[in-house]
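Each chain is listed here by its residues.
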Amino acid sequence: SKAFLLKLSRLFFDREMVYQKIVPSEIHRLLFLRFDDKIGDMIINTSLIREIKLNYPNIKIDVVCGQSSFDVIKNNPFLNQIFLFKKGFVSSFKLAQRLKPNPYDLVIDFRELTDARTLYILNQVNAKINIGIKKEGYKIYNISINDDFRKKHITEKIKSVLNLFYIQNPNLNYDLHLEPEDLKKVNIALKEASIHPPFIVINPYAAARFRNISLDRVLEMIQFIAVPIVLIGPPHKHEDLKKFIKENQLSNVFCLSSVQTIMETASIISMADLVITPDTSIVHLASAFQRPTIALFREDRQELEQNSVIW
């Protein structure tokens, strides 16, 4: 059904756009599309947003994202406005109506995937320039960056976009802004559990279950660690973690149930002396706060799966 909708949308919305070179002084308002709502990908894109804004402070930058990724940019000082999207045609129509009044000069679609919703939004926004990644064959993109990024680190994709703005040697550190309330809440939780530095954060869970670290494997790790350990995971996994701690009588291991949101989790990570995690958004949170990290990657098993290289 997605393939059929994409073909249909190409008939109605994939209109011809004339190639235009980017002239930063002529870009007054920019829209950044992030329809996948992936937390890790949004964290990565914070460096792209910051570098454009610092180099061209007069450009207003808006973002379209979902609720999950919204949490990591809601306090971002480089953004002008954030638009939330929901799934479904009606929601896409409403989003288009909110975006259309804004005179966008440029839209950046950072995903390599193209879907019907993206083509519809681009058509309705009607910006002067649309930038896409590997969008050859689509008429609505003035500029398509067609490099093969499968065997390059993700920062190379960011550089390729920044090059269009003539930004050389950018700072590619991720850019997260914690709220004082989140830090305060986490400090209280650590104090109540009598957890003092140094401590280690272990995250067993990834977005895809086949990347998870089994709790049996976590138990093997814990045997070699003498300092306090905080186990983190999505709220619906907290009971499993507490049961695991109780059954194995782990006196130096804790699960802080009061920590619920991604930014509260980020606050814990910002204080940790070491983070151990599978390939997931927690890697990017640890990188954002420059925490020492042991990241476990699944073996790349086919040509298209190059996560150990890309991330």
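Look up a bit, the structure's there.
This is a predicted model, so every value here is computed, not measured. (Residues numbered from 1 in each chain as written. Predicted model: local features only at pLDDT ≥ 70, side-chain atom pairs only at ≥ 80, totals over all residues. Heavy atoms only, no water.)

1. Topic: the packing of aromatic side chains
Considering all chains together, one arrives at seven aromatic pairs under this definition. Seen from their ring centres, Phe13 and Tyr120 are 5.2 Å apart, and the 65° between their planes marks the pair as edge-to-face. Of this pair, Phe13 sits in helix α1 (residues 2–13) while Tyr120 sits in helix α5 (residues 116–125), and the two are 107 residues apart along the sequence. Here Tyr138 and Tyr141 contribute two aromatic rings whose centre-to-centre distance is 6.3 Å and whose plane-to-plane angle is 80°, an arrangement assigned as edge-to-face. Per residue, the accessibility class of Tyr138 equals that of Tyr141, and both read buried. (Phe/Tyr/Trp six-rings, centres within 6.5 Å; stacked < 30°, edge-to-face > 60°. Helix = DSSP H or I, 4+ residues; strand = E, 2+ residues; numbered from the N terminus. Buried < 20%, exposed > 50% of the residue type's maximum accessible area, 1.4 Å probe, protein only.)

2. Topic: the sheet that holds strand β4 (residues 106–109)
The sheet built from six strands is open, its strands ordered β3-β2-β1-β4-β5-β6 with parallel pairing. This sheet does not close on itself; its edge strands, each paired only once, are β3 (81–84) and β6 (143–145). Taking the axes of each pair of neighbouring strands and ignoring which way they run, one obtains an average angle of 15° across the sheet. Taken together, the four bridges between β4 and strand β5 (residues 129–133) define a ladder with parallel strand orientation. Looking across to β5, one finds that Asp109 is bridged to Gly132. In the packing of α5 onto the sheet, the strands contacted are β1 (29–33), β4 and β5, and the crossing angle to β1 comes to about 170°. The sheet strands contacting helix α6 (residues 154–164) are β4, β5 and β6, and the helix crosses β6 at an angle near 150°. (Pairing = 2+ DSSP bridges. Axes fitted to C-alpha atoms, helices over the stretch in contact; angles between N-to-C directions. Contact = heavy atoms within 4.5 Å.)

3. Quick word on a nonpolar patch on the surface
A grouping of Phe4, Leu5, Leu8, Leu11 and Phe12 is seen on the molecular surface, where their side chains present a nonpolar patch of about 580 Å² in accessible area. In this structure, Phe12 sits in helix α1. In this structure Phe12 comes out as exposed when scored by relative accessible area, which is 60%. (Patch = residues over 30% accessible without salt bridge, like charges linked within 9 Å, V, L, I, M, F, W, Y side chains within 5 Å. Areas by Shrake-Rupley, 256 points an atom, 1.4 Å probe, with all protein chains shown as cover. Salt bridge = Lys/Arg side-chain N within 4 Å of Asp/Glu carboxyl O.)

4. Details of the pairing of strand β2 (residues 60–65)
Here β2 lies mainly inside the structure; five of its six residues are buried. In this structure, β1 lies alongside β2, joined through five bridges in parallel fashion. Counted as the bridge partner of Phe32 is Val63 from β2. Of the crossover connections in this fold, the one passing from β1 over helix α2 (residues 39–55) to the parallel β2 is right-handed. Read as a crossover between parallel neighbours, the route from β2 over helix α3 (residues 67–73) to β3 is right-handed. (Right-handed = clockwise from strand over helix to strand, strands pointing away.)

5. Side note on unusual backbone geometry
Cis peptide bonds are those with omega within 30 degrees of zero, and the linkage from Pro197 to Pro198 qualifies with -5°. The topology assignment puts Pro198 in the loop between α7 (180–192) and β7 (200–202). Its identity as a non-glycine residue notwithstanding, Tyr166 has a phi of 65°, on the positive side. Looking at the element boundaries, Tyr166 is found in the loop between α6 and α7. Backbone geometry at Asn169 places phi at a positive 50°, although glycine is not the residue there.

6. A short note on empty space enclosed by the protein
One way to see where empty space is left: roll a probe the size of a water molecule over the atoms. For the coordinates displayed, the defined rule picks out two cavities of 30 Å³ or more. Considered as a void within the structure, the largest cavity measures approximately 40 Å³ in volume. In this structure, the largest cavity is lined by Leu231, Ile232, Gly233, His238, Leu256, Val259, Thr265 and Ile268. Its residues assigned to classes, the lining of the largest cavity comprises five nonpolar, three polar and no charged. (1 Å grid on protein atoms, 1.4 Å probe; cavity = no way out; pocket = protein on both sides within 12 Å on 5 of 7 lines; lining within 4 Å. Points joined across faces, edges and corners; volume = space filled by probe spheres on them. Nonpolar A, V, L, I, M, F, W, Y, C, P; charged D, E, K, R; others polar.)

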